[in-house]
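# Working through the structure, step by step
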Amino acid sequence: MVKKKRHQRNTDHRRRLRQELAFPQVLDAMPDPVLITTAEGRICYVNPAWERQTGYFLSEIRGKNPRLLNSGKTPARVYAMVWEELAAGRPFFTDEIVDRRKDGSKYQIRATFFPIRRNGKNVFFVQIQHDITRHAARVRQMEENAHLYRTLIDDASDGILLLDIEARIVGANKAICAMLGYAPEEIIGQNIAAIGDPEDATPYAIRTAELLEKRSLLTERIFRRKDGRKIPVELHNKLIDARLIQSIVRDMTRKKELEKQRDAFIGMVAHEIRTPLLVLRNNAELINIVRNQDESVPLKPLAETLIEQVSRLSILVDDLLNLNRLQTGEMPLTKEPVEPASFLRQIAADMGTISGLHEIRLVGEADGIMMVDRARLRQVIENLLTNAIKYSPGQDHVDLTFARHDGEIVFSVRDYGIGIEPEEQKKIFRLFYRTESEDTRLLPGYGFGLYIAAQIVQKHGGRIWVESKKGKGSTFFVALPLAKGETGEERA
Ligand code: ADP
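This report concerns the structure included in the present document. Since the model is a prediction, treat every value here as computed from it, not as a measurement. (Residues numbered from 1 in each chain as written. Predicted model: local features only at pLDDT ≥ 70, side-chain atom pairs only at ≥ 80, totals over all residues. Heavy atoms only, no water.)

## Brief notes about the overall build of the protein
Helix and strand counts for the protein come out as 16 helices and 17 strands. Structurally, the protein occupies a C-alpha span of about 140 × 75 × 45 Å along its principal axes. Classification of the 492 residues of the protein by burial places 41% in the buried group. Sequence separation of 24 or more characterises 55% of the internal contacts of the protein that already satisfy a separation of 6 or more. Put simply, the protein shows about 28,600 Å² of open surface, and 55% of that area lies on carbon and sulfur atoms. Considering the protein, the positive charge centre built from 75 side chains and the negative charge centre built from 68 side chains are found 13 Å apart. (Helix = DSSP H or I, 4+ residues; strand = E, 2+ residues; numbered from the N terminus. Buried < 20%, exposed > 50% of the residue type's maximum accessible area, 1.4 Å probe, protein only. Contact = heavy atoms within 4.5 Å. Areas by Shrake-Rupley, 256 points an atom, 1.4 Å probe, with all protein chains shown as cover. Lys, Arg positive; Asp, Glu negative; His and termini not counted. Charge placed at Lys NZ, Arg CZ, Asp CG, Glu CD.)

As structure tokens, this is what we get:
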């Protein structure tokens, strides 16, 4: 009841004021909030829409400075510009004002200011508002989304290109720039042919026609980096709209390399298996014939060859099995206390009988016990020794040493052979990796010995690495932690 009365009083008051100040009647009916001040900046009229928007009645704010609406969120320069323009008798328009309602809540407006001039002088200033809080929030949200998508695309690990329908590059993310070695501004605007390998025959236009028909297309191409290096890529092209193509680019270098290594590996294993199998069959047939015909012929050398070839095959098969177990994560360790000196002495003695010209020189001393899988660790050391012998043809010895260092036992296997180039030294621990120099090509191998060794060492919490100089020889190191209670600090 009280409210209604107050509203009526306010309406009457406004009407009187409006008539007094000679403002048109339409102001009262306008859906947009309107505020009018005197030339001195005192509020002299607001319409009902303004009251609804702000929560203030005309009666309570009449004569006050509109500053009471300041939220503190409007940039100061905006007010400065408003007053400058109005004082000069010009209208002003801004999207940047954030006002505060009586209840303290804030809202953003699109405001139009203009002066009412009489006899060449400003007498009133009018402000018509339009609430754009929701619109502004939407714009902000869109800007945030755009930023988010930009980040998403830029940080994607695959390369992403945007092409127009003539195959001109209009967008490129970080990954594609890194892949090609170009800065974005160097490729944007270029035709995709600029990054394609000239020998990669099918012109892009033909594929574009196919893409227009199918909308999405997976192709393989060769790109060419800024430094000239070729990279095989897989392109996943998608028509976004009639003008834009999205192209996701995956670098296939590593995959192609692996495929090549895998094919070489399979070829080698097949070859390695065929030779002993042939020998086995021939010898077995021979034994059969001899047994039937002439008992005086000694069978011993034939049997020995059989045994030798069979063990060659079983080493290969064991390695393949180990590899498979590693790949499938099924290589449990059976750890037991092992004392380094006697452990290595045993290996050196056993290997000595089959190492041919090479003498295995064991040097070192270290007390302490390791908790390791004896058979697996033996495999690691044997592999390093076999390599040392294989890759130092013409030499007469390899060195096997061990020592204790900061809670670890460090083994080393040193040869004086062909050595390894610095850039190969990390790669040789990868699966199927074999160096491609003249001197290694002739030596048999599969490229998984060091991979298996590294995996076993890692499973023991140890480290494996190599130091080498081309032509001078290599030293492989294996560091394994001492058993608990064996390290210096714990004993003290
Ligand atoms: P494999 O010897 O059967 O090829 P490995 O995994 O044992 O496989 O070794 C990987 C590669 O590392 C070898 O092909 C060889 O190029 C290189 N390599 C390993 N040991 C030595 C060594 N002692 N000296 C020189 N090169 C070596």
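Structure shown, so let's carry the discussion forward.
## Remarks on the site of the ligand
In the vicinity of the ligand there are 22 residues, among which Asn387, Tyr391, Arg434, Thr435 and Leu450 approach most closely. Here Thr435 contributes a side-chain N or O atom positioned 2.6 Å from an oxygen atom of the ligand. The contact in question runs from an oxygen atom of the ligand to an N or O atom on the backbone of Gly447, over 3.2 Å. Counting residues per element, the ones that place at least two in the shell around the ligand are α13 (374–390), α15 (449–459) and β17 (473–481). For the shell around the ligand, the element with the most residues is α13, which contributes four residues. For the shell around the ligand, the residue count by class is ten nonpolar, nine polar and three charged. (Near = heavy atom within 4 Å. Polar contact = N/O pair within 3.5 Å; in protein donor to acceptor, adjacent residues only side chain to side chain. Nonpolar A, V, L, I, M, F, W, Y, C, P; charged D, E, K, R; others polar.)

## Thoughts on the side chain of Ser247
Tracing the sequence through the fold places Ser247 in strand β10 (residues 244–251). For Ser247, the side chain forms a polar contact with the side chain of Asn237, separated by 2.4 Å. If near-sequence neighbours (up to four positions away) are discounted, Ser247 is found in contact with Gly159, Ile160, Leu161, Leu163, Leu235, His236 and Asn237.

## Brief notes about the sheet that holds strand β1 (residues 34–38)
Taking strand neighbours across the sheet as the criterion, the five strands line up as β2-β1-β5-β4-β3 in an open arrangement whose pairing is antiparallel. Two strands lie at the open edges of the sheet, namely β2 (43–46) and β3 (92–100), each paired on one side alone. Between one strand and the next, the sheet's axes are offset by a mean angle of 30 degrees, whatever the strand orientation. Sheet strands in contact with helix α5 (residues 76–87) are β3, β4 (106–118) and β5 (121–131), and its direction is about 135 degrees off that of β3. Taken strand by strand, helix α6 (residues 133–154) contacts β4 and β5, and its axis lies near 125 degrees from that of β4. (Pairing = 2+ DSSP bridges. Axes fitted to C-alpha atoms, helices over the stretch in contact; angles between N-to-C directions.)

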